[in-house]
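Topology and contacts: notes
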Amino acid sequence: MLRLASARTGGLVALAAIVAALPLFFPNNFYYDVAIKTALNAIVCIGLNLLIGYAGQISLGHAGFFALGGYASAILTARYGWPGLLAMLAGAVGVGLLAFAIARPVLRLRGHYLAMATLGLGIIVAIIINREIAITGGPDGMTVPRLWVGGWRVSGAVAWYWVAAGALLLAVWLSLNLIDSTLGRALRALHGSEIAAQTAGIDTTRYKVLVFVISAVFASLAGSLFAHAEGYVTPIEAGFLRSIEFVTMVVLGGMASTFGAVAGAAILTALPQLLTVFQDYKHLVLGAILIGVMIFMPNGLVPSVALSLRRLRPPVPAS
Amino acid sequence: MTKSAAVRHAELGTASVAEFLQFLFSGITVGAIYALVGVGFAIIYSASNVINFAQGEFVMLGGMATMFLLSGGEPLWLAALLAIVITAAIGLALNKFAVEPAAHRRGGGASVVTLIIITIGASIFIRGAAEVLLGKDSHRLPAFSGDQPIDIFGAKLDPQVLWVLGALALAVVGLRWFFARTRLGKAMLATSCNRLAAELVGIDVRMILLASFGLSAALGALAGILTAPITLTRYDIGIMLGLKGFCAAILGGLGSPFGAVAGGLLLGIAEAMAAGYLSSAYKDVVAFVIILAVLFLAPGGLFGAKATERV
Amino acid sequence: MIARLSRRALLGSAIAAGAAMIAAPAMAQNIKIGAFLAVTGPASFLGDPEAKTLKLYAEKINSAGGVLGRKIEVIVYDSAGDAKQATTFAKRLIEDDKVDVIVGGSTTGETMAVVPLIDEARIPFISLAGASVIVEPVKKWVFKMPHSDRMAVEKAYIDMKKRNLSGVAIIGGSGGFDQSCRKEAQALAPKYGMKVVADETYAPTDTDMTTQLTKIKNTAGVQAIFGCGFGSVTSITARNYKQLGMSTPFYFNHGVGSQQFIDGAGGGAEGVRVPVAALLVAEQLPAGDPQKKAALDYGAAYKTAYKEPISTFGGHAYDGLQIALDAIKRAGSTDKAKVRDAIEQTKNHVGVDGTYNMTPADHMGLTLESFKLVEIRNNTWKLLE
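Report follows, based on the coordinates. (Residues numbered from 1 in each chain as written. Chains lettered and ligands numbered in written order. Predicted model: local features only at pLDDT ≥ 70, side-chain atom pairs only at ≥ 80, totals over all residues. Heavy atoms only, no water.)

Some thoughts on the overall build of chain C
From N to C terminus, chain C includes 14 helices and 14 strands. Against the compact-globule benchmark of 21 Å for 385 residues, chain C has a radius of gyration of 21 Å, which places it among compact chains. Principal-axis analysis of the C-alpha atoms gives chain C an extent of 70 × 40 × 40 Å. Classification of the 385 residues of chain C by burial places 67% in the buried group. In chain C, of all internal contacts separated by at least 6 residues, the share reaching a separation of at least 24 is 68%. Counting 44 positive and 39 negative side-chain charges, chain C places the averaged centre of each group 2 Å from the other. (Helix = DSSP H or I, 4+ residues; strand = E, 2+ residues; numbered from the N terminus. Rg over C-alpha atoms; globule rule 2.2 N^0.38 Å. Buried < 20%, exposed > 50% of the residue type's maximum accessible area, 1.4 Å probe, protein only. Contact = heavy atoms within 4.5 Å. Lys, Arg positive; Asp, Glu negative; His and termini not counted. Charge placed at Lys NZ, Arg CZ, Asp CG, Glu CD.)

Description of the sheet that holds strand β1 (residues 31-37) of chain C
All names here are of chain C. Strand order in the open sheet made by the 5 strands is β2-β1-β3-β4-β5, with parallel pairing throughout. Two strands bound the open sheet, and with one partner strand each, they are β2 (72-78) and β5 (142-144). Neighbour-to-neighbour, the strand axes of the sheet open up by a mean angle of 20°, direction not taken into account. Sheet strands in contact with helix α6 (residues 108-121) are β1, β3 (101-104), β4 (125-127) and β5, and its direction is about 170° off that of β4. (Pairing = 2+ DSSP bridges. Axes fitted to C-alpha atoms, helices over the stretch in contact; angles between N-to-C directions.)

Description of a nonpolar patch on the surface
Residue and element names in this part refer to chain A. Together, Y80, W82, L86, L89, V93 and L97 give the surface a local cluster of nonpolar side chains, amounting to about 640 Å² of exposed area. Along the polypeptide, L86 turns up in helix α4 (residues 84-107). Overall, the relative accessible area of 44% leaves L86 in the partly exposed class. (Patch = residues over 30% accessible without salt bridge, like charges linked within 9 Å, V, L, I, M, F, W, Y side chains within 5 Å. Areas by Shrake-Rupley, 256 points an atom, 1.4 Å probe, with all protein chains shown as cover. Salt bridge = Lys/Arg side-chain N within 4 Å of Asp/Glu carboxyl O.)

Examining the interface of chain C and chain A
Counting residues at the interface gives 37 residues for chain C, matched by 35 residues for chain A. When chain C packs against chain A, close to 2,900 Å² is buried across both sides, 55% of that on carbon and sulfur atoms. For the pair chain C and chain A, the interface holds 5 salt bridges. Across the pair D82(C) and R242(A) runs a salt bridge whose closest N-O atoms are separated by 3.2 Å. (Buried area = accessible area lost by both parts, 1.4 Å probe.)

Considering the interface of chain B and chain A
Contacts between chain B and chain A engage 48 residues on the former and 41 residues on the latter. Taken over both partners, the interface formed by chain B and chain A buries close to 3,900 Å², and the fraction arising from carbon and sulfur atoms is 79%. The largest per-residue losses of area from chain B upon contact with chain A belong to I117(B), Y282(B) and F296(B), which jointly make up 15% of the total buried on that side. The interface formed by chain B and chain A contains 0 salt bridges. Contributions of two or more residues to the side of chain B that touches chain A are made by α4 (76-103), α5 (112-133), α10 (237-252) and α12 (283-297) of chain B. For the side of chain B that touches chain A, the element with the most residues is α5(B), which contributes 15 residues. Looking at the side of chain B that touches chain A residue by residue, the classes come out as 36 nonpolar, 8 polar and 4 charged. (Nonpolar A, V, L, I, M, F, W, Y, C, P; charged D, E, K, R; others polar.)

What about empty space enclosed by the protein?
All names here are of chain C. Evaluation of the coordinates by the stated rule reveals 12 cavities of 30 Å³ or more. The space that makes up the second largest cavity amounts to roughly 190 Å³. Contributing to the lining of the second largest cavity are 19 residues, with L46, G130, F177, F313 and H316 lying nearest its centre. In terms of residue count, the dominant contributor to the lining of the second largest cavity is helix α13 (residues 312-331) (3 residues). In the lining of the second largest cavity, the residues fall into 9 nonpolar, 9 polar and 1 charged. If you count residues domain by domain, the lining of the second largest cavity takes at least three from each of domain 1 (2-148 + 295-367) and domain 2 (149-282 + 371-383). (1 Å grid on protein atoms, 1.4 Å probe; cavity = no way out; pocket = protein on both sides within 12 Å on 5 of 7 lines; lining within 4 Å. Points joined across faces, edges and corners; volume = space filled by probe spheres on them. Domains from an automatic or database assignment.)

Details of the pairing of β3(C)
Residue and element names in this part refer to chain C. Here β3 shows two buried faces, one formed by V101 and V103 and the other by I102 and G104. Sheet analysis places β1 next to β3, joined by 2 bridges and oriented parallel. Across the sheet, residue G34 finds its bridge partner in β3, namely I102. Here β3 pairs with β4 via 3 bridges, running parallel. Note that in β4 the partner of G104 across the bridge is S127.

Rendered as structure tokens:
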């Protein structure tokens, strides 16, 4: 257990080092932009991974929470003049309460029925954002003012990179700690067999609700940061395809692996940029890559790579 | 906006029956399409517990391939038949080369979520291939029996809808016969109930999976061909049809083709009634609220088996 | 095709390898035109002909010796009509490819999402999207090519007035283009003595519009219907209209300006009136019409190269490219501020969409005269004026 924990700390340190060193390889601001989007997607995926990978509950509606966070920030700062951080906090609290309110009836459902319910909730959010033009700007979206932290106006790709990177490291650290806490152990028990976990005296519903709320809040905060970083937000962020994209990132990177979620987000955010090389064939290639990875690494990239590395290494006596 | 429904009805008393019928027909038109797509989801789910997110692409392929063959000079019936065969072959290939290698890996098969991502990858791949090979334009197949609508009490029904409903009825009867009377059908049912037990009694589970993909791809293609005169067809129409078909299958209770039919019709009629009597801008919200309400009250869908969880 | 692909692949890998290679002196000589377009996705019928047009004319202009003695290089990215991808690609065009001008943004959503970037980067941007909001209020660096949705509404209302129709029903989708058109239709009604008596909405992915049309049919006082939208939904709407046996005069906005609309409607588009750019009816224009020659030339070139019917959308890209290059010629350099000023000073530029006269207060530069009202007869466009 102790070794496991230290390995995780090592992972966090390694991630921090990568994040710190990356800008050295960035020739211009465009790379920062992709990195910022990666970090913010990764935060959503880290939260979603707690739900999918650890609690074994799927959600096809997290883009709804992401967009709600983004629009809360956009609307409260642009239309009501709230300070950015307060708006972000209000969005997170609002989304948390919403998630809490719907969690119980939703999480009673299992498997694909749960997928359907979360998908429906996400789509409802998307439709409402699309229709309430007076408040949200409708399908064309709305401009979001710059974020002020104290007296500092966060603007420019470099500044945003450090903000997003800091938020990402914080999210990873939180996630690793959650996994090692009572909550994490309860969740793993629940993933194995919910009834067995109940028999062992774990209040499974409470934990499921808790992790659902946590993952929704992660998504909301990432959405708020995204809205400010882009300076613009559209209802596409709430869409069904965006939700699918988040889940795909989690599964591709590796379920039940926080770093897997980060890797999945990084790959699927950067891939469309690399695939422009293939012009008309880019969707074909993207589909083939997804299928290929899932066939040959059914547990996702990070766990599969970690496993084969362990196999390569000579066995270490257990400490 | 407009006058309230009540005022309008007072003015147009006799028209309101025709109006209601027209909304109903509109609902049936759309619902029958959802239902036919939903049945495909249900078949694969029955056999493998996998939600095939590429089901919508089968529907697209049916319509697009028929269009392509038609423009190559084939008669409609032959083009349609070939399109169904081609799509079924693609369904078999999807199973053989993407789903099966993952599901039957040495050292434990992939989880259901992994299989879902594979089908998502497949849908992107198929859509990408169609985009390159068949182009990005939207096309319309000619209606099978003309565009002249049928007048019923002042409401108009697209004759093409009768083709869709007929196919739906045939599919339901055919599937019922298939599951109750044929060896393959019974084996499929057995596999869906308990896979291990099915294997133990000598059922070739791989074969069953393969057959389920072929069958649902063929049905999807048929749906695509029959509905193309109504919905038009395009390389990316599968996203929307897949989503609505999935909703239909879930609403009816997964794994039950008959449930999917009921679910699809219910969904279509709910959308049309919401658009007609409440607000066309919020009709999809109404449809999803109904789905959520049904799921909260009956967590296994309308006609889903009350499954007991294995411990 | 293969040759083009491999050339693009080479270029792409150069981009991936880093800006150092791109900054090589030989490449820096090129005039770089960047574009992000909805080449795939629901708005691909806009982005696809736009991308094809840009590539076609880049080759033509280069084989004729380029501009200012420099070759032009067109870099197109597919945004799929998605605002998030559009901003990423816009950033890539500005920061990584270091383009001189951006021509692109097939949809209003994409265009508006990149406006903050454009302002920050101070780069001339010519949008190919329709909504008036793009250039109203005027944004220093942003221009747009197509006639606005407001003009489409005005054109239709003027014709309705001529026919003594005053009660209008709006039917449109929930997408950005549709909503913007709807807003204009609502706002302009009083000015033209119109009264909006019904307003129905559908989702862009809907497959049956009979419910909405039935409501319109049963609403008292509807004398004309105005459709806001684009894509296959509009075909379905026209088909449903015919199936319901409706005869109320039916107008659509300029989003339906392609043969696909007519073909998809299965005869339902007969009699529908649409304000379109002159390009679609080039053959029917009177000999003295300023757009006639430009439109015929463009149409012939496009049809020869791609063996498919022209749409008005490719025409927007043609005009955008020509105006950008014309401004670069007049500015004598690719200095961004000078090019921007030159675009703003565009006078009497004869394009396929119309004759452009930009001013500091008008970043579109078109008038209603170059917008033509057509009626669909025998499955083709018939010029009414």
